[in-house]
Amino acid sequence: MSAAYARGGQPKNMAGGVILILSSLLAALLVAAGLMYAMGTSARHEAAITAAGCEPGLAPDGLPCTTAQMLTSQYTAIVTPASQQLATDMAAFTANERRNLAAAETALTAEVMSEHAFGTNLAAIKFPVTMAPIAKALIQANQARAKLTAEQAQALSLTQLRSFNHQIQTANAAVQADMKLLSRALATKPPAS
């Protein structure tokens, strides 16, 4: 019997700590890359409009096509890094949900921060009247998911923590469904005249 077990403790798991640190660093790098990408969105948008030109006519929302393209660009600039960050946070949670309560809760706290940032950034976009209800539903579904994730992060045991998993999956499905609706609304082309 090892000395750690004889004292009633668990042996230190250096590999788990290293993995947690590396995944946290990767997450931080992805967030930084996403923010740098988002800061250049306007310049990329203008270059794309200049290079490709805008098809004549109005987008389905009644806005000039450059505005519709800008909305799509803004939405993509928010969704892409947010999805990557959430995937990283969820992977860190999954890696720890059965054996390390503190690490799992840390991953959940990171998820909550990512979910809040996504909702805040999405709310900053001025969607046209035709898309605003879809965007509002997405923001509300994301807020509900963030609230549930925050509750899960307060669990007192691994069993209690995992008891939230089905509700979280349902909340994630609701967010994904609303994201698909908004993406479809942004991608719809006006009918030919």
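See the structure printed just above.
None of these values were measured; they are calculated from a predicted model.

Colleague: How do you make sense of the pattern of salt bridges when you look at a structure like this?
Modeller: Any two side chains of opposite charge can pair, given that their charged atoms come close. Following the criterion strictly, the structure yields one salt bridge and no others. For E115, the salt bridge is made with R145, and the minimal N-O distance between the two is 3.4 Å. In this pair, E115 is assigned in helix α5 (residues 101–123) and R145 in helix α6 (residues 132–153), connecting sequence segments 30 residues apart.

Colleague: Explanation requested: the side chain of T88 in the structure shown.
Modeller: If you trace the backbone, T88 turns up in helix α4 (residues 65–96). Leave out the neighbours within four places in its chain, and T88 touches S23, A27 and L30.

Colleague: Just to check I follow, could you spell out the environment of R145 for this structure?
Modeller: Since its relative accessible area comes to 3%, R145 is described here as buried. Each C-alpha atom, one on R145 and one on I168, is 6.8 Å from the other, the two residues being 23 residues apart in sequence. Those residues in contact with R145 that sit more than four places away from it in its chain are L86, E115, A171, N172 and V175. A distance of 2.7 Å separates polar atoms of two side chains, one belonging to R145 and the other to N142.

Parameters and conventions
- Residues numbered from 1 in each chain as written.
- Predicted model: local features only at pLDDT ≥ 70, side-chain atom pairs only at ≥ 80, totals over all residues.
- Heavy atoms only, no water.
- Salt bridge = Lys/Arg side-chain N within 4 Å of Asp/Glu carboxyl O.
- Helix = DSSP H or I, 4+ residues; strand = E, 2+ residues; numbered from the N terminus.
- Contact = heavy atoms within 4.5 Å.
- Buried < 20%, exposed > 50% of the residue type's maximum accessible area, 1.4 Å probe, protein only.
- Polar contact = N/O pair within 3.5 Å; in protein donor to acceptor, adjacent residues only side chain to side chain.

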